[in-house]
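Analysis of the macromolecular model
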Amino acid sequence: MNAAVRATVRVGLYTGARVYFVHEGYQGLVDGGENIRPASWESVSMMLQLGGTVIGSARCTDFRSRDGRMKAARNLVQLGITNLCVIGGDGSLTGANQFRTEWSALLKDLVQAGQISGEEAQKSSHLNIVGMVGSIDNDFCGTDMTIGTDSALHRIIEVVDAIATTAQSHQRTFILEVMGRHCGYLALVTALACGADWVFIPEMPPDEDWEDHLCRRLTDQRARGSRLNVIIVAEGAMSRDRSPITSEHIKKLVTDRLGFDTRTTVLGHVQRGGTPSAFDRILGSRMGVEAVMALLEATPDTPACVVSLSGNQAVRLPLMECVQVTKDVTAAMAEGRFEDAIRLRGKSFENNWNTYKLLAHINPPDVKSNINVAVMNVGAPCAGMNAAVRAAVRMGIIQGHSLLAVHDGFDGLAHGQIEPITWTSVSGWTGRGGSTLGTKRQAEPVTPSVAAGAKLPPFASRVLPGKMLEGISQNIAKFNIHALVIIGGFEAYVGGLELVQAREKYEEMCIPMVVIPATVSNNVPGSDFSIGADTALNTITSTCDRIKQSAAGTKRRVFIVETMGGYCGYLATMAGLAAGADAAYIFEEKFNIRDLEVNVEHLLEKMKTTVKRGLVLRNENSNANYTTDFIFSLYSEEGRGIFDCRKNVLGHMQQGGTPTPFDRNFGTKMGAKSLLWLTEKLKGCYRHGRIFANTADSACVLGMRKRALTFQPLADLKEDTDFEHRIPKSQWWLKIRPIMKILAKYDIQLDTSEHADMEHVIKKRSPLK
């Protein structure tokens, strides 16, 4: 929430508006006085890393009465406030809409009571309202993710990882109860992210014989060699007859029937606390900017709206439509229309539920397909790769295929480091960082012909199959591989291209292939996001938090931090937005000595304020001459006597660590979707008793494009690829760089040409049966 408050205040001030804090929520609005105070630029410094909300929040019974709302209206009119930004759940936002609807009548009553003048009423004749949804439950329909949900998932997964180690040691069953009285999002995503054996959510109660089914499943998992069982329960979980299903109820069932050593953990308000994740900070910042734009563009006829994110797109949605659909979910659950409840929750929730059902509740078929699918990791390792491998393997087995693990990337494929991989082989992989299969990244010279064909510089560092095509084709034939899943970064993409080009010479390469982007650099063409980037981003952000804390203590200190990413500035830009950096130097946005001079002057001015610290990020390959050492020396010299400098090169710590909930969930969905797609492709490629695929659409990148996961032919993406610098030519996140600069108090022009239009929630939904 604090990121949203900070962005709203600073962008509001940037546009020339007067901005006020309303402390203690609607109670502060009713009480007025010192609860409504002017906000300044400095007043929102050092807020990004704080959990909760620094301006306070309180449940308010007074605001529910008309007299209370009259007092609130009087307080706003007296201060000349005609725009209200509300951050809260559906109750807070519904109250805001009611307040707006009654506004004219409230002013009329206040004038008649002599509490405000007619002139004051005229100046404040209309109240504009925009909402941002702040709720860890993610229970507000129409939005993919509400502010606070990702941070809550971080807290939950930290506990799950800690529990998993002790449960595995003692062969225990753990039952974890998470928040979600009316919405099972936290429970569902946690189950996906940790590979839970069972999840109970209010939207979809289990079948009537669930006790028998659960016991069979736990017994089956133990028989397969699993040393632990994890069951996730939403606090609002219930049975089909609407009686509560509690963690204690489940514990008694498992203990009495199976005799398993069982423990329960109820997380409670731990989920609400802690440091916000990088995702939540960026979400809050982007939504704060969009909220101010929506208020400034509002007219008396504009309905109250909420701003949110759909995929990576900012959207504006009519507030009361979202509230209505949220109420429709509750009604559907009360009436036993559980499939409708899942659908009404939105596409993201529905996809999560369908993926979980496939991976957790469907047993492998007895009849095999006689199809062999190979899975491999390529390039630099990153967090989330193992989650994608696990999902691909299990989804393939569910489809009846035999799965093969290729160790050490293309090198392993060429040298026959291939072996069967089973359901139990990938148990516990979702929480592992790095690459268990191995990637074997090594430097090999690129032949001139390959360099010319792919537009690569000669003697580039690579792990590509170009020199190993003979061995690769032989092993595809030897191991009878019918389809290939390549999980990795830019090397996976270019390697896939080379395999497609080799189809002309090697018929063995004529098999369906899919590339799943997995790299901290987020530089794979065809996808807005890559597996691993979120984990790296959180690592950088948490490090920057500590650095800023150090600088705040010593005063007058500027830190220069170098991030990874190759030539792609995604990590530097997004970490700059999440950590509140003063500047972020990247390759895509050229800079010169004058730009560096402007940044130094900006920091010199900043040191005159109460905020006597600075943070500057630099992407590792942003400029060959303006290196981190050069920028450090320049800042040190120009700031002499005003501030001193320190530098940090974060290095490979950005590639390590356990995956974040986002990367686990994203990797799981990508891995599962890739196998479903390959299964369909294989049906269309089966001719004369064998697989033959040589069309462009039989080798694709699976990527997130704006709001959906899409398959794009590798060959079609070549035009959008800068092979020399290993980045896509068009990158969506460049358009949000100005936000970071405005929030750092640079006087620049904000491009509003692509502002979000109002979208409807109810009309775009398919009719429910």
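Residues numbered from 1 in each chain as written. Predicted model: local features only at pLDDT ≥ 70, side-chain atom pairs only at ≥ 80, totals over all residues. Heavy atoms only, no water.

Quick look at the overall build of the chain
- When helices and strands are counted, the chain shows 24 helices and 25 strands.
- Its C-alpha atoms put the chain at 90 × 70 × 45 Å along the principal axes.
- Taking all 769 residues of the chain together, 59% fall into the buried category.
- Restricting the contact set of the chain to residue pairs at least 6 apart, pairs at least 24 apart contribute 77%.
- Carbon and sulfur atoms form 50% of the exposed surface of the chain, whose accessible area is close to 30300 Å².
- Across the chain, the 85 positively charged side chains and the 81 negatively charged ones have centroids separated by 2 Å. (Helix = DSSP H or I, 4+ residues; strand = E, 2+ residues; numbered from the N terminus. Buried < 20%, exposed > 50% of the residue type's maximum accessible area, 1.4 Å probe, protein only. Contact = heavy atoms within 4.5 Å. Areas by Shrake-Rupley, 256 points an atom, 1.4 Å probe, with all protein chains shown as cover. Lys, Arg positive; Asp, Glu negative; His and termini not counted. Charge placed at Lys NZ, Arg CZ, Asp CG, Glu CD.)

Topic: unusual backbone geometry
- With a phi angle near 55 degrees, Asn138 is a residue other than glycine that sits in the positive phi range.
- Residue placement: Asn138 occurs in the loop between β4 (128–133) and α6 (149–170).
- Take Asn138: its relative accessible area is 7%, and that puts it in the buried class.
- Of note, the phi angle at Arg726 is positive, near 60 degrees, even though the residue is not glycine.
- Note on Arg726: relative accessible area 24%, which makes it partly exposed.

Considering the pairing of strand β7 (residues 229–234)
- For β7, a buried count of 6 out of 6 residues is recorded, marking the element as mostly surrounded by other parts of the structure.
- Note that strand β5 (residues 173–178) and β7 share 6 bridges and pair parallel. In the strand pairing of β7, Ile175 is matched with Ile231.
- Viewed along the sheet, the connection from strand β6 (residues 198–200) through helix α8 (residues 210–223) into β7 turns out right-handed. (Pairing = 2+ DSSP bridges. Right-handed = clockwise from strand over helix to strand, strands pointing away.)

Brief notes about a positive patch on the surface
- On the surface, a cluster of positive charge is made up of Arg59, Arg64, Arg181 and Arg272.
- Note that Arg272 resides in the loop between β8 (262–266) and α10 (278–297).
- Take Arg272: its relative accessible area is 47%, and that puts it in the partly exposed class. (Patch = residues over 30% accessible without salt bridge, like charges linked within 9 Å, V, L, I, M, F, W, Y side chains within 5 Å. Salt bridge = Lys/Arg side-chain N within 4 Å of Asp/Glu carboxyl O.)

Here we look at the nonpolar core
- Membership of the largest hydrophobic core comes to 84 residues, with the highest contact counts inside it found for Val485, Ile487, Tyr570 and Leu615.
- Here the element with the most residues in this core is helix α14 (residues 385–398); it accounts for 9 residues.
- When sequence neighbours within four positions are dropped, the list of residues in contact with Ile487 reads Val375, Met376, Asn377, Val378, Met385, Ala388, Val389, Ala492, Ile516 and Ala518.
- The next biggest cluster of nonpolar side chains, apart from the first, holds 73 residues, and it includes Met145, Ile147, Leu228 and Ala332. (Core = buried A, V, L, I, M, F, W, Y, C linked by side-chain atoms within 4.5 Å.)

A word on the packing of helix α4 (residues 90–112) against helix α11 (residues 319–334)
- Here α4 crosses α11 at 135 degrees, and the two axes come no closer than 10 Å. It follows from the interaxial angle that α4 and α11 lie oblique. Two packed elements cross with a definite hand, and for α4 against α11 that hand is left-handed. For the pair formed by α4 and α11, the contact residues are Asp90, Leu93, Thr94 and Asn97 on the first element and Leu319, Met320, Val323 and Thr326 on the second.
- Residues that form the contact of α4 with α11 fall into these classes: 4 nonpolar, 3 polar and 1 charged. (Axes fitted to C-alpha atoms, helices over the stretch in contact; angles between N-to-C directions. Parallel < 35°, antiparallel > 145°, perpendicular 65-115°, else oblique. Left-handed = near helix turned anticlockwise from the far one by under 90°. Nonpolar A, V, L, I, M, F, W, Y, C, P; charged D, E, K, R; others polar.)

Here we look at α10
- Between its terminal C-alpha atoms α10 stretches 29 Å, which fits the 28 Å expected from 20 residues at 1.5 Å a residue.
- The element α10 is extensively covered by neighbouring structure, given that 18 of its 20 residues are classed as buried. (Expected span 1.5 Å × (residues − 1).)

Points about the packing of helix α21 (residues 593–606) against helix α22 (residues 628–638)
- Remark: α21 packs on α22, axes separated minimally by 10 Å, with the N-to-C direction vectors making an angle of 45 degrees. The orientation of α21 with respect to α22, classified from their angle, is oblique. Crossing of α21 over α22 shows right-handed handedness. Every residue of α22 that contacts α21 at Ile593, Leu596, Asn599, Val600, Leu603 and Leu604 is listed here: Phe630, Ile631, Leu634, Tyr635 and Glu638.
- Tallied by class, the residues present in the contact of α21 with α22 amount to 9 nonpolar, 1 polar and 1 charged.

Quick notes on the packing of aromatic side chains
- Overall, the coordinates contain 20 aromatic pairs when judged by the stated rule.
- Arranged with centres 6.3 Å apart and planes meeting at 70 degrees, the rings of Phe490 and Phe723 form a pair that is edge-to-face. Linking Phe490 in helix α18 (residues 490–501) with Phe723 in the loop between β24 (721–722) and β25 (727–728), this pair joins segments that are 233 residues apart in sequence. The pair formed by Phe490 and Phe723 is uniform in burial state, with each residue classed as buried.
- Members of the aromatic cluster, joined through ring pairs, are Phe279, Phe529, Phe662, Phe666 and Trp732. (Phe/Tyr/Trp six-rings, centres within 6.5 Å; stacked < 30°, edge-to-face > 60°.)

Digging into the sheet that holds strand β19 (residues 644–649)
- Overall, parallel pairing links the 4 strands, which are arranged β17-β18-β16-β19 in an open sheet. One side of each edge strand has no neighbouring strand; the edge strands of this open sheet are β17 (583–585) and β19. Neighbour to neighbour, the strand axes of the sheet diverge by 20 degrees on average, direction disregarded.
- Looking at chain direction, strand β16 (residues 557–563) and β19 are connected through 6 bridges and run parallel. Each bridged residue has a counterpart across the sheet, and for Phe559 the counterpart in β19 is Arg646.
- Sheet strands in contact with helix α20 (residues 570–579) are β16, β17 and β18 (613–619), and its direction is about 160 degrees off that of β18.

Side note on the state of the cysteines
- Inspection of the entire model under this criterion finds 0 disulfides.
- Here Cys382 stays unpaired: no disulfide links it, and the sulfur of Cys568, its closest cysteine neighbor, is 14 Å away.
- You can see Cys685 has no disulfide; the closest cysteine sulfur is in Cys510, sitting 9.8 Å from it.
- You can call Cys685 buried: its relative accessible area is 8%. (Disulfide = S-S within 2.5 Å.)

Notes on the confidence of the model for the chain
- The share of residues in the chain with pLDDT of 70 or more is 94%, and the mean pLDDT across the chain is 89.
- At the low end of the mean pLDDT range in the chain sits helix α16 (residues 448–454), at 46; at the high end sits strand β15 (residues 513–517), at 98.
- In this model residues 454–461 is a low-confidence stretch, pLDDT under 50, and it forms 21 contacts with partners more than four residues away in sequence or in other chains.
- Predicted confidence for residues 764–769 stays below pLDDT 50, and this span has 14 contacts to residues more than four positions away or in other chains. (pLDDT = per-residue confidence, 0-100.)

Points about the sheet that holds β7
- Ordered by their spatial adjacency, 4 strands build an open sheet running β6-β7-β5-β8, and the pairing between neighbours is parallel. What marks the edges here is a single partner per strand, and that holds for β6 and β8. Mean inter-strand twist for the sheet, computed between neighbouring axes without regard to direction, equals 15 degrees.
- As judged from the 5 bridges shared by β5 and β8, these two strands associate in the parallel manner. When the sheet's bridge partners are listed, Glu177 is paired in β8 with Val266.
- α6 contacts β5 and β8 of the sheet and is inclined by roughly 165 degrees relative to β5.
- Against the sheet, α8 contacts β5, β6 and β7, and its axis sits at roughly 150 degrees relative to β6.

A short note on the pattern of salt bridges
- Tallied over the full model, the rule gives 34 salt bridges.
- Glu507 is paired through a salt bridge with Arg690; the nearest N and O atoms lie 2.8 Å apart. Note that Glu507 is positioned in the loop between α18 and β15 and Arg690 in strand β21 (residues 690–691), a separation of 183 residues in sequence.
- One salt bridge connects Glu680 with Lys683, and the closest N-O pair in it is separated by 3.2 Å. Taken together, the residues span about one helical turn, with Glu680 and Lys683 both in helix α23 (residues 661–685) at a distance of 3 residues.
- Using a relative accessible area of 57% as the deciding quantity, one classes Lys683 as exposed.
- In the salt-bridge network here, residues are joined through shared partners; they are Glu335, Arg337, Asp340 and Arg343.

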